[in-house]
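What follows is the residue order along each chain.
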Amino acid sequence: EPEVTQTPSHQVTQMGQEVILRCVPISNHLYFYWYRQILGQKVEFLVSFYNNEISEKSEIFDDQFSVERPDGSNFTLKIRSTKLEDSAMYFCARGSARYEQYFGPGTRLTVT
Amino acid sequence: AQRVTQPEKLLSVFKGAPVELKCNYSYSGSPELFWYVQYSRQRLQLLLRHISRESIKGFTADLNKGETSFHLKKPFAQEEDSAMYYCALSTSGTYKYIFGTGTRLKVLA
């Protein structure tokens, strides 16, 4: 299974601050995804990204969120002004075909 | 609305006993279904996808469109099978997965 890595593994931030979560590149992957899992709840889809564009996003993915591949490699999720309810595990996933998604180990975001 | 239901939050079985983790989905079209496993503090790992009809680590899952189910089965549980198991659904015209709430499997010695 293709390895997907994420940085940082844990991020603590104060409410209102901006955070950037990163997914480390793997070649030959065209599809990128972000999911989140609030403690004790299910994994929820946030956004998918294909060909340097958002291809789909959920209701959760509001104007506070953005994604990009700034250097054509790392895939980032930015939360502009964090809220307490943004505390969760954030998973990056990558795929080389539409139905294959390989997940990273996640970033635990704690907003205080 | 599309939905995945995993009715059991926790399933405990003894080593060597059969295991069945239930997954039901709600979707009127042709689904793509997956099972992911998450061992303690590790990433979600793809275990099975229904289109490949493969058996991984002794686990199998059959799509039953009549019952809208995709239950995960293993005839003889091993202690190393203890983990969280998530069923996921992908539907036509979308890239996202819809996950169930997961079932924690505990295999007792």
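That block above? That's the structure.
Because the structure is a prediction, the values reported are computed rather than measured.

So, how was this worked out
Residues take numbers from 1 onward in each chain, read along the sequence in its written order. Throughout, the order in which chains and ligands are written sets their labels, letters from A for the former and numbers from 1 for the latter. Given that this is a predicted model, residues contribute local features only at a pLDDT of at least 70 and side-chain atom pairs are listed and counted only at 80 or more, while totals for whole chains, interfaces and linings are drawn from all residues. Computation of side-chain values: all heavy atoms of the structure, hydrogens and water removed. Here, strands pair whenever DSSP counts at least two bridges between them. Elements are defined by DSSP. Helices are runs of H or I of four residues or more, strands are runs of E of two residues or more, and each kind is numbered from the N terminus. Each axis is a line fitted through C-alpha atoms, taken for helices only over the stretch in contact, and angles between the N-to-C directions span 0 to 180 degrees. Any pair of cysteine sulfurs within 2.5 Å is marked as a disulfide. Only protein chains enter the accessibility calculation, which uses a 1.4 Å probe; a residue whose area is less than 20% of its type maximum is buried, one above 50% is exposed, and one in between is partly exposed.

Participant: Give a detailed account of the sheet that holds strand 3 (residues 19-24) of chain A, specifying residues and quantitative values.
Facilitator: Residues and elements named next belong to chain A. Spatially, the four strands line up as an open sheet ordered 1-3-8-7, and their pairing is antiparallel. If you trace the sheet from one side to the other, it starts and ends with strand 1 (5-7) and strand 7 (65-68), each paired once. Strand-to-strand, the axes of this sheet are offset by a mean angle of 20 degrees, without reference to chain direction. For strand 7 and strand 8 (residues 75-79), the ladder comprises four bridges, and the chain directions are antiparallel. By the bridge assignment, Val67 is partnered in strand 8 with Leu77.

Participant: Let's hear about the state of the cysteines: which residues, and what values?
Facilitator: All names here are of chain B. Scanning the entire structure with this criterion turns up two disulfides over all chains. Here Cys23 connects covalently by a disulfide to Cys87, the sulfurs 2.0 Å from one another. Every disulfide takes its handedness from the sign of the S-S torsion; for Cys23 and Cys87 that torsion is -65 degrees, giving left-handed. Here Cys23, found in the loop between strand 3 (19-21) and strand 4 (24-26), pairs with Cys87, found in strand 9 (residues 83-90); they are 64 residues apart in sequence, far enough to count as distant. The pair Cys23 / Cys87 is uniform in exposure class, with both members buried.

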